[in-house]
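# Summary of the model geometry
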Protein chains: 2
Amino acid sequence: MGYADLSTVDLTALKVELEDELSLHRAHDLTLNMARGKPSAAQLDLSTDMLTVLKGPDDCFAESGLDCRNYGGLEGIDEARRLMAILLDDKMENVIVGGNSSLTLMYSAIGRFYDFGARGSKPWHRYDKVKWLCPVPGYDRHFAITESFGFENIPVPMNEDGPDMDVVERLAASDACIKGIWCVPKYSNPGGVTYSDEVVRRLGFLRCAAHDFRIFWDNAYSVHHLYDEPEQQDQLLDIAEVCKASGNPNRYVKFASTSKVTVAGAGIAAMASSPDNIAEIKERMSIATIGGDKLNQLRHARFLKDGDALAAHMSKHAAILRPKFELVEKKLSEGLAGVGGCSWSHPRGGYFVLFNAPNGTAKRIVQLARQTGVVLTSAGATWPGGNDPKDSDIRIAPSLPPIEELDVALDVFCGCVKLAYAESLLIDRLTH
Amino acid sequence: MGYADLSTVDLTALKVELEDELSLHRAHDLTLNMARGKPSAAQLDLSTDMLTVLKGPDDCFAESGLDCRNYGGLEGIDEARRLMAILLDDKMENVIVGGNSSLTLMYSAIGRFYDFGARGSKPWHRYDKVKWLCPVPGYDRHFAITESFGFENIPVPMNEDGPDMDVVERLAASDACIKGIWCVPKYSNPGGVTYSDEVVRRLGFLRCAAHDFRIFWDNAYSVHHLYDEPEQQDQLLDIAEVCKASGNPNRYVKFASTSKVTVAGAGIAAMASSPDNIAEIKERMSIATIGGDKLNQLRHARFLKDGDALAAHMSKHAAILRPKFELVEKKLSEGLAGVGGCSWSHPRGGYFVLFNAPNGTAKRIVQLARQTGVVLTSAGATWPGGNDPKDSDIRIAPSLPPIEELDVALDVFCGCVKLAYAESLLIDRLTH
């Protein structure tokens, strides 16, 4: 039983009731935000000691002896590369540490291919059209990068174990203008999906019409588990190993940052790729920079130390985030019991819950929520060009608000879902 | 009287004597470096307090109330923009604060024009050939950027008051493929030249065949005086004002960083331009980044405070650098007295002394110095493609070595100049 089974009379009465409920919320002048994946103040406080880990000149030397207060070190200091290698599931030798933003590293990587090609291939700006595969729902800032370079973003459905590989294989094999794919392979944004071993293997072994096809492997949430128990943590096959085994060793570029480990926007970002790719990237990078901020690299290496310390630190994040995700699960289960037409993800890590609203209601839900003082990510934002054909996907970001605010915001959200669904069913009946 | 006036017999004897002198130096296994414009450890120590200026969460809020530990703030926090406006000789409203490197900001600016054009103009990658004006001698990393995008770097002679504007005017007016010019307008790298008011005016009023011509105004040494007395400090006309007055308000982009104010490679960089340009840059930048490292911006703003505190801080740098530059002047004057054929700059700021060796000897001098344990910037590096047609320009960077090492390095340098000159004169006489 759900709203769809109600009579039109009952549904009309329900709609009035739901409107009244929302009005009550509106009277409270709420300003709540579940829009973006920002860490909360409590999470940021976990890294307070990092602020002062470098106290004086003697603290500023890297293990190589390099003074991190002076120029040099294009690829980053070894201790920072070693740290980022953990997040990137790779070896230190294959890692370049950049500035504060993995997004910038991705943009620059696309820019290099666009301007200069990949390992001797034709620069991508010389094509009439470059196309890019975009698993959907996905990350709006990814899609914006390829769109900004004039690429055609091609949506590919996400399944429960990653992108629909039948579709990916068909497209990649058929069109040499398809140059790559965006991937958030673990605890994906927004679906919380971790790619299965089979999906990773099929990506590595993909038959591509373009010999310079590239997998952009944004492992943004690689150590961002919600649970400490290993059996509750998702595992991801290493794309590098698969690409090497398949004879496509240069097909991938991995990205990660500490923005959701230490401080957002003041962390360090890094990439890893094959030795050949890294050599090419370094040659190009050396024109654009003398190197990243090594003091901040050193701060991170001293503060996060090693894999065990990093895991312990991430466990503290989980302790703050887990109750929020569990609250989302509880409030949605309870608040939407008996409504029908919708579903949502149950992630074990990352920063988002994906809500699948009844078809055709996502925009309306976001609008109603905004009118009631709750800001959500725009409906459609998880699709290229903002165009969700079913108008169904809503990304819920529970990390930023304190839990008591989240509680209220979720009440409002459920109210908006119910009202939008009731409205939509009534309109359907009126027009058919 | 100089070496050129000596008899061949005397010159031959002198050459042997000079070789013996250098051999003595060689016996000391020197490892000295006058190659790159790096601050010395003593200079870096001046900013030690900046390391711990942010002690805890309460210190991390910008004056706007923004938590600098979280995402946001594309153009940088106001207090950092205000600080960088001083270095850029501009208003806070026109300033964007970036990451740690002004070089990266310049590379990205060229990249944007290449990929997307300037304010609606044709993307520069669509031209068969883009050309760029390069005042010489100049900064090798500038030339490398335009070269890397396939531009043709066109050398333009530097006079004592800036680039030869007769040449610039003739070239810019004649060829729509000439899209811009590199400028280090104050205490230039390497000549120490500050552009005269007339040169700045002629740049602003330049008649350009390309309507999207751009002046890259790298004001790297804007507050880097060697002397505290105002009458000993060079003054520079504001290119922004001149461009506005000439009806070319969007022609310039200014760049600066704190790499030689606080810590090299871990400072903050910024750019300033017209409101229209800044709006366009921000729109593009928003695709590539959520914003720079605001904690580092805040560190800088708190540590450097305001214009007066900045000037006092730069005066401490000058107190360390001045004796080194004065030593260069003294050692070259004394060591090369009676040699002839060479000259050098007498800068009042910046990081370099330009040495004009006897024609055809610069490469040999650098080679001899290297063999004697003194590393100099490669001869030719100050010219596009490393090609100094007279083989004469050598960039001396006295900032990094302690003064006692600099003293020895300059002895070696003078010995190398003398030997190379003697060799060159003898070869000339043998072959003519």
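The model shown is predicted, which means the values in this text are computed figures rather than measured ones.

### Some thoughts on the overall build of chain A
- Regarding its fold elements, chain A presents 14 helices and 13 strands.
- Relative to a compact globule of 432 residues, whose C-alpha radius of gyration would be 22 Å, chain A shows 23 Å and is just as compact.
- Buried residues in chain A amount to 54% of all 432 residues.
- Expressed as a percentage of contacts within chain A between residues at least 6 apart in sequence, the contacts between residues at least 24 apart total 76%.

### A few points about the interface of chain B and chain A
- With 45 residues of chain B in contact, the opposing surface of chain A contributes 45 residues.
- Counting only elements with at least two residues in the side of chain B that touches chain A, the list comes to α2 (41-45), α3 (48-51), α5 (102-116), α6 (140-148), α10 (275-288) and α11 (294-304) of chain B.
- The element that contributes the greatest number of residues to the side of chain B that touches chain A is α5(B), accounting for six residues.
- Of the residues in the side of chain B that touches chain A, the class split is 21 nonpolar, 16 polar and eight charged.

### Topic: the sheet that holds strand β10 (residues 343-344) of chain B
Residues and elements named next belong to chain B.
- Ordered by their spatial adjacency, three strands build an open sheet running β10-β11-β13, and the pairing between neighbours is antiparallel. Every other strand in the sheet has two partners, leaving β10 and β13 (393-396) as the edge strands with one partner each.
- With two bridges joining them, β10 and strand β11 (residues 353-356) adopt antiparallel strand pairing. Paired with S343 across the strands is N356, a residue of β11.

### Re the sheet that holds strand β4 (residues 152-159) of chain A
Residues and elements named next belong to chain A.
- Taken in spatial order, the eight strands line up as β2-β9-β8-β7-β6-β3-β4-β5 in an open sheet, and their pairing is mixed. Edge positions in the open sheet fall to β2 (95-97) and β5 (162-163), since each of these has one partner strand only.
- Alignment of β2 against strand β9 (residues 269-273), held across three bridges, turns out to be antiparallel. Paired with V97 across the bridge in β9 is A270.
- Seen against the sheet, helix α4 (residues 78-88) touches β2, β8 (252-257) and β9 and runs at an angle of roughly 115° to β2.
- Set on the sheet, helix α5 (residues 102-116) makes contact with β7 (214-218), β8 and β9; between it and β8 the angle comes to about 155°.

### Comments concerning the relation of the copies chain B and chain A
- Overlaying chain B on chain A yields an RMSD of 0.0 Å, the required transformation being a rotation through 180° with an accompanying axial translation of 0.0 Å. The operation mapping one copy onto its partner corresponds to a two-fold rotation axis. Residues of chain B ranked by C-alpha distance from the rotation axis are headed by T52(B), positioned 2.8 Å from it.
- Residue by residue, 100% of the interface of chain B is reproduced at the interface of chain A, so both copies engage with the same surface.

### Brief notes about the packing of helix α13 (residues 362-371) of chain A against helix α14 (residues 403-431) of chain A
All names here are of chain A.
- Relative to each other, α13 and α14 sit at 130°, their axes nearing to 9 Å. Classed by the angle they form, the pair α13 and α14 counts as oblique. As α13 packs across α14, the resulting crossing turns out to be right-handed. Residues R364, I365, L368 and A369 of α13 pack against V412, F413, C416, V417, L419, A420 and E423 of α14.
- Here the contact of α13 with α14 is composed, by residue class, of nine nonpolar, no polar and two charged.

### Describing the pairing of strand β8 (residues 252-257) of chain B
Residues and elements named next belong to chain B.
- For β8, the buried fraction is high: six of the six residues fall into the buried class.
- On β8, burial covers both faces: Y252, K254 and A256 on one face and V253, F255 and S257 on the other are all buried.
- Here four bridges tie strand β7 (residues 214-218) to β8, and the two strands are oriented parallel to one another. Residue pairing across strands places D218 opposite F255, the latter belonging to β8.
- Assessed by its sense of winding, the connection that carries the chain from β7 through helix α9 (residues 239-245) to β8 is right-handed.

### A word on the confidence of the model for chain A
- Of the residues in chain A, 100% have a pLDDT of 70 or more, and the chain-wide mean is 97.
- With a pTM of 0.97, the predicted complex shows an ipTM of 0.97.

### Some words on the domain arrangement of chain A
Residues and elements named next belong to chain A.
- Taken domain by domain, chain A holds domain 1 (3-43 + 311-431) and domain 2 (61-304).
- Taken together, the contacts link 24 residues of domain 1 with 29 residues of domain 2.
- Looking at the side of domain 1 that touches domain 2, the elements with two or more residues in it are α12 (307-335) and β13 (393-396).
- Broken down by class, the residue content of the side of domain 1 that touches domain 2 amounts to 12 nonpolar, seven polar and five charged.

### Comments concerning the nonpolar core
- If you look at the biggest cluster of nonpolar residues, it comprises 266 residues, and the most contacted ones within it are A270(A), M84(B) and A270(B).
- Setting aside its immediate chain neighbours within four residues, A270(A) contacts M84(A), L88(A), V95(A), I96(A), V97(A), G98(A) and A256(A).

### As for the environment of A240(B)
All names here are of chain B.
- Topologically, A240 is positioned in helix α9.
- With 22 C-beta atoms counted inside 10 Å, the residue A240 sits in the buried group.
- Put simply, A240 and K324 are 84 residues apart on the chain and 34 Å apart in space, counted from C-alpha to C-alpha.
- Every residue in contact with A240, bar those within four places of it in the chain, is listed here: D90 and Y252.

### Describing the environment of C414(A)
Residue and element names in this part refer to chain A.
- Along the chain, C414 turns up in helix α14.
- With 21 C-beta atoms packed within 10 Å, C414 lands in the buried category.
- A sequence separation of 133 residues divides C414 from I281, and the C-alpha atoms of the two residues are 48 Å apart.

### Things to note about α4(A)
Residues and elements named next belong to chain A.
- Burial analysis of α4 places eight of its 11 residues in the buried class, which makes it a mostly covered element.
- Listed as buried for α4 are E79, A80, R81, L83, M84, A85, L87 and L88.
- Contacts made by the buried residues of α4 are with β2, β8, β9 and α11 (294-304).
- D89 sits one or two positions beyond α4 and adopts a positive phi of about 50°.

### Examining unusual backbone geometry
- Following N189(A), the chain continues to P190(A) via a peptide bond in cis, the omega torsion being 5°.
- Residue placement: P190(A) occurs in the loop between β6 (178-183) and α8 (197-204).
- Put simply, V136(B) and P137(B) share a cis peptide bond, and its omega is -5°.
- Within the secondary structure, P137(B) sits in the loop between β3 (131-136) and α6.
- Of note, D29(B) is a non-glycine position whose phi angle comes to about 50°, a positive value.
- Mapping D29(B) onto the fold places it in the loop between α1 (8-26) and β1 (32-34).
- In the Ramachandran plot, D391(B) falls in the positive-phi region, its phi being about 45° despite a non-glycine side chain.
- Tracing the sequence through the fold places D391(B) in the loop between β12 (374-376) and β13.

### Quick notes on the pairing of strand β11 (residues 353-356) of chain A
- Pairing between β11(A) and β13(A): four bridges, direction antiparallel. In the sheet register, V353(A) faces β13(A), and the bridge partner there is I396(A).

### Considering the environment of H142(A)
- When you line up the elements, H142(A) lands in helix α6 (residues 140-148).
- The class of H142(A) is buried, set by 24 C-beta atoms lying within 10 Å.

The rules we used
- Residues numbered from 1 in each chain as written.
- Chains lettered and ligands numbered in written order.
- Predicted model: local features only at pLDDT ≥ 70, side-chain atom pairs only at ≥ 80, totals over all residues.
- Helix = DSSP H or I, 4+ residues; strand = E, 2+ residues; numbered from the N terminus.
- Rg over C-alpha atoms; globule rule 2.2 N^0.38 Å.
- Buried ≥ 20, exposed ≤ 12 C-beta atoms within 10 Å, placed from the backbone.
- Contact = placed C-beta atoms within 7 Å.
- Nonpolar A, V, L, I, M, F, W, Y, C, P; charged D, E, K, R; others polar.
- Pairing = 2+ DSSP bridges.
- Axes fitted to C-alpha atoms, helices over the stretch in contact; angles between N-to-C directions.
- Least-squares fit on C-alpha atoms with pLDDT ≥ 70 in both.
- Parallel < 35°, antiparallel > 145°, perpendicular 65-115°, else oblique.
- Left-handed = near helix turned anticlockwise from the far one by under 90°.
- Right-handed = clockwise from strand over helix to strand, strands pointing away.
- pLDDT = per-residue confidence, 0-100.
- Domains from an automatic or database assignment.
- Core = buried A, V, L, I, M, F, W, Y, C linked by C-beta atoms within 7 Å.

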